[in-house]
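# Inside the fold
Residues per chain, in single letters:
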Amino acid sequence: MPMDPSRARYPCCIVWSPLPVISWLIPFVGHIGICREDGVILDFAGPNFVCVDSFAFGSPTRYILVDKEKQCSISPYLSGFNAENPYQPNEPGREEALTWDDALRKSTQEFQHREYNLFTCNCHSFVANNLNRLSLNSGGWNVVNLAAFMFLHGRWVSISAVLRTFLPFVIVTFLGLTFGGTTYLTFLAFFTCLLIGWFLLGTYCFKSLIQL
C-alpha cells in the first residue's frame, strides 16, 4: 500500500515521534513504533497495552521504510493466521510466523502481557522484539542499536515534523542558557550521560536489565 502521512499510514515502516519533556532536553530520544503491511502503527505505550492505529505521542515525525523482501527473512507465502481471528492459527501446532504481519501479531500478543517500564521494558523493546522476529538485517536488535538506526537513517516526514522535533529543544536550551548558564549545561550533560549510560550498561553489560 502507498504511504500516506496525512492518515498516519506507513506500510512496513519503523516510525518515531518526540516525547514530551525528554525530547525537549535530548532531541534524539523519542517514542518508536512499527507498522503493519496496511500501514497501521503498533506501539507499546503502557502496561499490558499495545496501541493500534493511535500513536501514543502524536503523529510520526521520522520513519524508516523496510524492504521486507530483501532485508527480512520471512516467507512469501500466505499468512498462517486465520483472517477472522488473527491470533488463531489456521493449522494446529503451527507456530512459525510466515509473514510480516504474523511476526507483528506474535510480538503484540507477547507485550500485551508485559509491564511497561521506561528504563527496562519500553517501546524500543517492543520494536526490537518485532525486528528480531523478522530477522531484519540478520537480527541482533536491541534498544541501543535500534535508537542509533533511527537517528542515523530515519527520514523526516515533512519540514513541520523537523520543527516539531527541534523547536522545543531550541527554546528550552535558550531559556536554560539564559537563566542557568553553565549550570544548565552541566545538568544537561549529566542527564544525557546518565540516561545513555543506563541503556548501554543494561544492554551490553547487564543483559537481563533491558527486556526484549
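A brief structural summary. All values derive from a computational prediction rather than experimental measurement.

### A look at helix α4 (residues 123-134)
Owing to its 3.6 residues per turn, the α-helix brings residues three or four apart onto one side. With 12 residues, α4 should reach 16 Å at 1.5 Å per residue; the first-to-last C-alpha distance of 17 Å fits that figure. Summarising burial for α4: 10 of the 12 residues are buried, a large majority. Turning to α4, its buried residues are C123, H124, S125, F126, V127, A128, N129, N130, L131 and L134. Its buried side turned inward, α4 meets β1 (13-18), β2 (30-35), β3 (41-46), β4 (49-52), α3 (100-111) and α5 (143-153). Backbone geometry just after α4 places S135 at a positive phi near 55°.

### Digging into the environment of L65
In this structure, L65 sits in strand β5 (residues 62-65). Classification of L65 as partly exposed rests on a relative accessible area of 48%. Residues L65 and I14, 51 residues apart in the sequence, show an inter-C-alpha distance of 6.7 Å.

### Looking at the packing of aromatic side chains
In this structure the tally under the stated criterion is nine aromatic pairs. On the basis of an interplanar angle of 40° and a centroid distance of 5.8 Å, the ring pair of Y10 and Y63 is categorised as tilted. Within this pair, whereas Y10 is found in the segment before β1, its partner Y63 is found in strand β5, the two being separated by 53 residues in sequence. Taking the relative accessible area as the measure of exposure, Y10 reaches 1% and is therefore buried. Aromatic pair F187 and F191: ring centres 6.1 Å apart, planes at 15°, arrangement stacked. Placement of both F187 and F191 in helix α7 (residues 182-204) is noted, with a separation of four residues, approximately one turn of the helix. Taking the relative accessible area as the measure of exposure, F187 reaches 41% and is therefore partly exposed. Residue classification places F191 among the partly exposed residues on the basis of a relative accessible area of 24%. A network of ring pairs unites the aromatic residues F44, F111, Y116 and F126 as a single cluster.

The rules behind each value
- Residues numbered from 1 in each chain as written.
- Predicted model: local features only at pLDDT ≥ 70, side-chain atom pairs only at ≥ 80, totals over all residues.
- Heavy atoms only, no water.
- Helix = DSSP H or I, 4+ residues; strand = E, 2+ residues; numbered from the N terminus.
- Expected span 1.5 Å × (residues − 1).
- Buried < 20%, exposed > 50% of the residue type's maximum accessible area, 1.4 Å probe, protein only.
- Contact = heavy atoms within 4.5 Å.
- Phe/Tyr/Trp six-rings, centres within 6.5 Å; stacked < 30°, edge-to-face > 60°.

Geometric values such as these leave the question of function open.
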